[in-house]
Number of protein chains: 2
Amino acid sequence: MMSTPKLYSYWRSTASYRVRIALALKGIAYDYVPVNLLHGEQLEAPFKGINPQAQIPVLQIDDASLHQSLAILDYLEVTRPAPALLPADPVQASQARAFALSIAADIHPIQNLRVLKYLKREFDQEQPGIDAWARHWIALGFAACEDIAIQRKTAFLFSDAPGYAECVLIPQSYNAGRFGVDMTPFPALGDVIAACADHSAFQIAHPDVQPDAPEAG
Amino acid sequence: MMSTPKLYSYWRSTASYRVRIALALKGIAYDYVPVNLLHGEQLEAPFKGINPQAQIPVLQIDDASLHQSLAILDYLEVTRPAPALLPADPVQASQARAFALSIAADIHPIQNLRVLKYLKREFDQEQPGIDAWARHWIALGFAACEDIAIQRKTAFLFSDAPGYAECVLIPQSYNAGRFGVDMTPFPALGDVIAACADHSAFQIAHPDVQPDAPEAG
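About the criteria used
Residues numbered from 1 in each chain as written. Chains lettered and ligands numbered in written order. Predicted model: local features only at pLDDT ≥ 70, side-chain atom pairs only at ≥ 80, totals over all residues. Heavy atoms only, no water. Helix = DSSP H or I, 4+ residues; strand = E, 2+ residues; numbered from the N terminus. Rg over C-alpha atoms; globule rule 2.2 N^0.38 Å. Buried < 20%, exposed > 50% of the residue type's maximum accessible area, 1.4 Å probe, protein only. Contact = heavy atoms within 4.5 Å. Domains from an automatic or database assignment. Buried area = accessible area lost by both parts, 1.4 Å probe. Salt bridge = Lys/Arg side-chain N within 4 Å of Asp/Glu carboxyl O. Polar contact = N/O pair within 3.5 Å; in protein donor to acceptor, adjacent residues only side chain to side chain. Least-squares fit on C-alpha atoms with pLDDT ≥ 70 in both. Arc of directions from axis to C-beta. Pairing = 2+ DSSP bridges. Axes fitted to C-alpha atoms, helices over the stretch in contact; angles between N-to-C directions.

**Quick word on the overall build of chain A**
Logical step 1: Of the regular secondary structure elements, chain A holds nine helices and four strands.
Logical step 2: Its C-alpha atoms give chain A a radius of gyration of 17 Å, within 12% of the compact-globule value 17 Å for 217 residues.
Logical step 3: With respect to the principal axes defined by its C-alpha atoms, chain A has extents near 50 × 50 × 35 Å.
Logical step 4: Across the 217 residues of chain A, 55% fall into the buried class.
Logical step 5: For chain A, contacts bridging at least 24 residues in sequence account for 66% of all contacts bridging at least 6.

Dropping the structure here:
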């Protein structure tokens, strides 16, 4: 018998959040193993032995240890195809992947914590300059995403159920909130984000309700 | 009858280079449509009408217009499965995707031209600081890739033939050369890169032999 999958996660990690949504959408039960990024636990044993790349999330499942959030989503899609995260039509599947990559490759890496730390440490940037940087790349990327969201013919981006694209959009919209990005230029994205907020899979994957989230108040 | 696929490309574009390799590995003939990024042609008609995201590559194929290089690779893999770019085993396929993402998400976006321009324009960075930034992120990412390359049991990263991972590795190693990254700490990657250099698909996809490359000398 296979053991219960284990997700190495941090409550506020964007990439962990994507995988939590996918697991919830597919109804896969798992054990949550917190890795505190603020304490540098990703750089130390025992986690460093689990992923030498020192990055979360890691999903241990089917006797394998998987990393990189989108590669994990693809694994889940192949091994647990229902409910599907991607459209069956190859063109639409490619467009859903492209939307996800336009956030996971074109926005998130540039506003990730390690990059912001470099700007502060090496380029002597103060917080206002760093926040403006993050807002710039998020707003630029969301403008491109909005063009796609406007043209959708379904309740969610590529289907009447949320999937691959929403797994990536929602954590990025959470980041946008942290940096104070003005979302009024993106009403179509806003509609999709609101629909996800009402969906149970997104509620149980939310950072605030993870075991390692600080107590409210 | 389907028309010949069209690839909108720029000779030095990293993401275009990935798709050129994949098309060559799969033996797919296509027409090359140059989009001069230095002249800003991606921001103007007619290209802006083809991809409102104003990014290359775009592959027009099977009456569809596809963007985002990794999403294009996935489309080609589904619709033209032989020769395969990904291992058949889902765990190995996920690992090959993770390797590709560790470059396409964790290295390339941070050293992309538009980011370097922001550092210069908004943070007053001179060329030495910008080059150090690019070298930092490439070397950090390649160190993680080297850990994986060392453990391979095949001639290439995940198979005895090149595939998805090499489509992303080789354009990044080309960038590493442009920024003067010291590759001596990455001998296992170096072996894979050398094997690709001897492979005809990588030779015909190389920036220097594209129709829009400047004449040598």
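After that view, the rundown keeps rolling.
**Points about the domain arrangement of chain A**
All names here are of chain A.
Logical step 1: Domain boundaries in chain A define domain 1 (7-83) and domain 2 (90-203).
Logical step 2: On a C-alpha basis, the centres of domain 1 and domain 2 stand 20 Å from each other.
Logical step 3: Taken together, the contact between domain 1 and domain 2 spans 12 residues of the former and 18 residues of the latter.
Logical step 4: Contact between domain 1 and domain 2 buries roughly 1,500 Å² in total, counting both sides, with carbon and sulfur atoms accounting for 66%.
Logical step 5: One can count one salt bridge joining domain 1 with domain 2.
Logical step 6: Between Asp74 and Arg97 there is a salt bridge, and its shortest N-O distance comes to 2.6 Å.
Logical step 7: Counting the contacts that link domain 1 with domain 2 gives five residue pairs in polar contact (both at pLDDT 80 or more).
Logical step 8: Those elements that place two or more of their residues in the side of domain 1 that touches domain 2 are helix 1 (14-25) and helix 3 (69-79).

**Re the relation of the copies chain A and chain B**
Logical step 1: For the pair chain A and chain B, the superposition axis carries a translation of 0.0 Å, the fit reaches an RMSD of 0.0 Å, and the rotation angle comes to 180 degrees. The two molecules are tied by a two-fold rotation axis, judged by turn and shift. Of every C-alpha in chain A, the one belonging to Ala105(A) sits nearest the axis of rotation, 2.2 Å from it.
Logical step 2: Interface overlap between copies: 100% of the residues of chain A at the interface are likewise at the interface in chain B, consistent with a symmetric, same-surface contact.

**Notes on helix 8 (residues 187-197) of chain A**
Logical step 1: Buried residues of helix 8 of chain A: Ala188(A), Leu189(A), Val192(A), Ile193(A) and Cys196(A), and no others. One side of helix 8 of chain A holds all its buried residues, which, seen down the axis, span an arc of 140 degrees.

**Overview of the sheet that holds strand 2 (residues 31-34) of chain B**
Backbone-to-backbone hydrogen bonds join strands into a sheet, with any given pair of strands oriented parallel or antiparallel.
All names here are of chain B.
Logical step 1: One open sheet holds the four strands; their spatial order is 2-1-3-4, and the pairing between them is mixed. Each of the sheet's edge strands pairs with one partner strand only, and the pair in question is strand 2 and strand 4 (64-67). With strand direction ignored, the average angle separating the axes of adjacent strands in the sheet is 20 degrees.
Logical step 2: Two elements, strand 1 (residues 6-9) and strand 2, share four bridges in a ladder whose sense is parallel. When the bridges of strand 2 are listed, Leu7 appears paired with Tyr32.

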